[in-house]
Amino acid sequence: MEQPIAWLEHSRNAKAPLAGLKVLELARVLAGPWAGQILADLGADVIKVESPEGDGTRLWGPPWVDRVDANDDMQREAAYYHACNRGKRSVIADFRDEEDIAMVKDLARDADVLIENFKTGGLAKFGLDYASLAANNAGLVYCSITGFGQTGPRATQAGYDFVIQGMSGFMSITGEPDGVPVKMGISISDLTTGVYAANGIQAALLQRERSGPMQGRGQHVDIALLDCSVALLANQASYHFTTGQNPPRMGNAHAQVAPYGVFPVQDGHVILSPANDRLFRRLIEMLERPDLQRDPRFESNAGRIENAAALDAEIASSTKSWSKVDLLEACSKHGVPAGPINRLDEVFADPQVIARGMRLDLGGMPGVRSPFTFSEGELALDKPSPMLGEHGPPTKKHQ
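Residues numbered from 1 in each chain as written. Predicted model: local features only at pLDDT ≥ 70, side-chain atom pairs only at ≥ 80, totals over all residues. Heavy atoms only, no water.

1. Notes on the pattern of salt bridges
Rules: What counts as a salt bridge is simple: a side-chain nitrogen of Lys or Arg found within 4 Å of a carboxyl oxygen of Asp or Glu. Partly exposed residues are those whose accessible area sits between 20% and 50% of the maximum for their type, while under 20% is buried and over 50% is exposed, using a 1.4 Å probe and protein chains only.
Evaluation of the coordinates by the stated rule reveals 22 salt bridges. Where Arg-208 meets Glu-209, a salt bridge forms, and the shortest distance between an N and an O atom there is 3.1 Å. For the salt bridge of Arg-359 with Asp-361, the shortest nitrogen-to-oxygen distance reads 3.2 Å. Look at Asp-361 and you get partly exposed, because its relative accessible area is 48%. Connected via shared salt-bridge partners are Glu-25, Lys-48, Asp-55 and Lys-88.

2. Focus on the side chain of Arg-67
Our working definition: Secondary structure elements follow DSSP: runs of H or I of four or more residues count as helices, runs of E of two or more count as strands, with numbering from the N terminus. Throughout this description, a polar contact denotes any pair of N or O atoms lying within 3.5 Å of each other; where both atoms belong to protein, one of them has to be capable of donating a hydrogen while the other can accept it, and for residues adjacent in sequence the pair is counted only when both atoms sit in side chains. Note on definitions: a residue-residue contact is assigned when non-hydrogen atoms from the two residues lie within 4.5 Å.
Tracing the chain through its elements places Arg-67 in strand S3 (residues 64-68). Among the polar contacts listed, one links the side chain of Arg-67 to the side chain of Glu-77, at a separation of 3.1 Å. With residues near it in sequence (within four places) discarded, Arg-67 still touches Asp-73, Met-74, Gln-75, Glu-77, His-82, Met-365, Pro-384, Ser-385, Pro-386 and Met-387.

3. Quick look at the sheet that holds strand S9 (residues 261-265)
Keep this limit in mind: Think of it this way: DSSP has to see at least two bridges between two strands before they count as a pair. For helices, the axis comes from a line fit to the C-alpha atoms of the stretch in contact; other axes are also lines fit to C-alpha atoms, and the angle between any two N-to-C directions lies between 0 and 180 degrees.
One open sheet accounts for three strands, arranged S9-S10-S11; its pairing is antiparallel. Two strands in the sheet have a free side with no partner beyond their single neighbour: S9 and strand S11 (338-340). The mean inter-strand angle of the sheet, taken between neighbouring strand axes irrespective of direction, is 35 degrees. Bridge count between S9 and strand S10 (residues 268-272): five bridges; the pairing is antiparallel.

4. Some remarks on helix H1 (residues 31-41)
Judged by how many residues are buried, H1 sits mostly within the fold: 10 of 11 residues are covered. If you check which residues of H1 are buried, you get Ala-31, Gly-32, Pro-33, Ala-35, Gly-36, Gln-37, Ile-38, Leu-39, Ala-40 and Asp-41. A positive phi of about 110 degrees marks Gly-43, the residue just after H1.

5. Some thoughts on the packing of aromatic side chains
As a reminder, the rule being used: Only rings of Phe, Tyr and Trp enter the pairing, Trp through its six-membered ring, and a pair is recorded when the two centres are within 6.5 Å. The plane angle decides the type: under 30 degrees is stacked, over 60 is edge-to-face, the rest tilted.
Considering all chains together, one arrives at five aromatic pairs under this definition. Taking the centre distance of 6.1 Å and the plane angle of 20 degrees together, the rings of Phe-95 and Phe-118 count as stacked. Of this pair, Phe-95 sits in the loop between strand S5 (89-92) and helix H3 (98-109) while Phe-118 sits in the loop between strand S6 (113-116) and helix H4 (130-134), and the two are 23 residues apart along the sequence. The same class applies to Phe-95 and to Phe-118, which are both buried. Taken together, a centroid distance of 6.4 Å and an interplanar angle of 20 degrees make the contact between Phe-372 and Phe-374 stacked. Overall, the relative accessible area of 35% leaves Phe-374 in the partly exposed class.

6. Looking at the pairing of strand S7 (residues 141-146)
Summarising burial for S7: six of the six residues are buried, a large majority. Here S7 shows two buried faces, one formed by Val-141, Cys-143 and Ile-145 and the other by Tyr-142, Ser-144 and Thr-146. As paired strands, S6 and S7 are joined by four bridges and run parallel to one another. Bridged to Glu-116 within S7 is Ser-144.

7. Quick look at helix H12 (residues 308-319)
What counts is decided by this rule: By definition here, a helix of n residues has an expected span of 1.5 Å times n minus one. By definition, the arc is the one covered by directions from the helix axis to the C-beta atoms.
With 12 residues, H12 extends 16 Å between its outermost C-alpha atoms, agreeing within 8% with the 16 Å of an ideal straight helix rising 1.5 Å per residue. Those residues of H12 not exposed but buried are Leu-311, Ile-315, Ala-316, Ser-318 and Thr-319. For H12, the buried positions fall inside an angular range of 160 degrees around the axis, keeping them on one side. Buried residues along H12 sit in contact with S9, S10, helix H9 (277-286), helix H10 (290-294), helix H11 (301-306) and helix H13 (324-334).

8. Here's the deal with the environment of Ala-16
In this fold, Ala-16 is placed in the segment before strand S1 (22-26). Take Ala-16: its relative accessible area is 5%, and that puts it in the buried class. Not counting residues within four places of it along the chain, the set of residues in contact with Ala-16 comprises Leu-42, Gly-43, Glu-378 and Ala-380.

9. Quick look at the nonpolar core
Nonpolar side chains tend toward joint burial in soluble globular proteins. We apply this condition: Nonpolar core, defined: a set of buried Ala, Val, Leu, Ile, Met, Phe, Trp, Tyr and Cys residues in which side-chain atoms within 4.5 Å join the residues together.
Judged by nonpolar contacts, the single largest core of 30 residues is most densely connected at Val-23, Leu-39, Val-113, Ile-115, Ile-145 and Ile-201. At the level of elements, H1, S6, S7, helix H6 (188-209), strand S8 (220-224) and helix H7 (225-231) are the ones that each hand at least two residues to this core. If we ignore the near neighbours within four places in the chain, the residues touching Ile-145 are Ala-31, Gly-32, Ile-115, Glu-116, Asn-117, Phe-118, Thr-193, Ala-197, Ile-223 and Leu-225. Val-49, Val-91, Met-103 and Leu-128 belong to the second largest nonpolar core, which has 21 residues in total.

10. Quick word on the confidence of the model for the chain
Quick reminder of the rule: Across the chain, each position has a pLDDT score giving the predictor's confidence in that residue, from 0 to 100.
Across the chain, the average pLDDT comes to 92, with 95% of residues at or above 70. Confidence over residues 1-7 falls short of pLDDT 50; this stretch has 16 contacts with residues more than four positions distant or in other chains.

What follows is the structure, given as structure tokens:
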């Protein structure tokens, strides 16, 4: 195809940190598109290359979102798709067609970044692997997102968030002690991988710009769901390395702090987390329980941890007579760390969330803002997720 870039000329908010950066996204579902959306919110021009059928998440409903396309036809797409494709442009490419593959290669020739989440080695047969594309674009930062990475015995296996949550150890430490292992309520492995990918990409871009042996050169960034999830084990991994033991599932409790958990009130539950002696004293003073301060079992944090079940029962016996609002107001007044357990309608009605502008509405499409706030720069929050093939050239196949 001649001059494919001409029909993709585009500019975004000049004050956005990544304005002028061109990103080619050959990714679908969540981890790759999440990384692409982060870069798009930061101002990059993200061109999403989709199959003729589109990203599979366009069909992952309900719930559904209806909107009118350029031909005044109503299009129905899953809300899931719109959660991770804001600010991008959509181009259709059928990898069974040589012309379409050539179009993607042309787009990659002047791209700064390419994000893909095909199986390891899956793009080589199309000449869309890093080595092939870097031969014509030495500055390309090529990010591969897979379940297990480009090396190791599982490199060719597909990775799925739920499976990775189990393999990474997340589920072994999530849930009640006497219950079954539990996955998190969000696709934490996919989302974390997207965040790490965006960080890795920007680090490679920075290295490309600095003087030194990598100046002007891109590189292959290898990001794996399992790696990113294992990296999040943080202090739980340190517990294991230090003791040689596996940290237990503790529900809402904390292994090193007591009291720390969810406590009943008249109209629900609240979180209390007085994490040191001073805060514990404030809590029991607020609850008017001087007997707890005199109890030798609760004099120190070590004692409180050892007798956590008894302490939690005593505190619960006091909190259950309070309303949620009154208890949280009292905690705020006394400087006791506490908070509600919000439903999502309560989250987006919270004055702090509103003040920070975390909900977006772009073209009638609601979404959640990327959590970056700059003193000088701005996010490029200028358009919703694209229609399938909305920005591609007219061809005999894709009209």
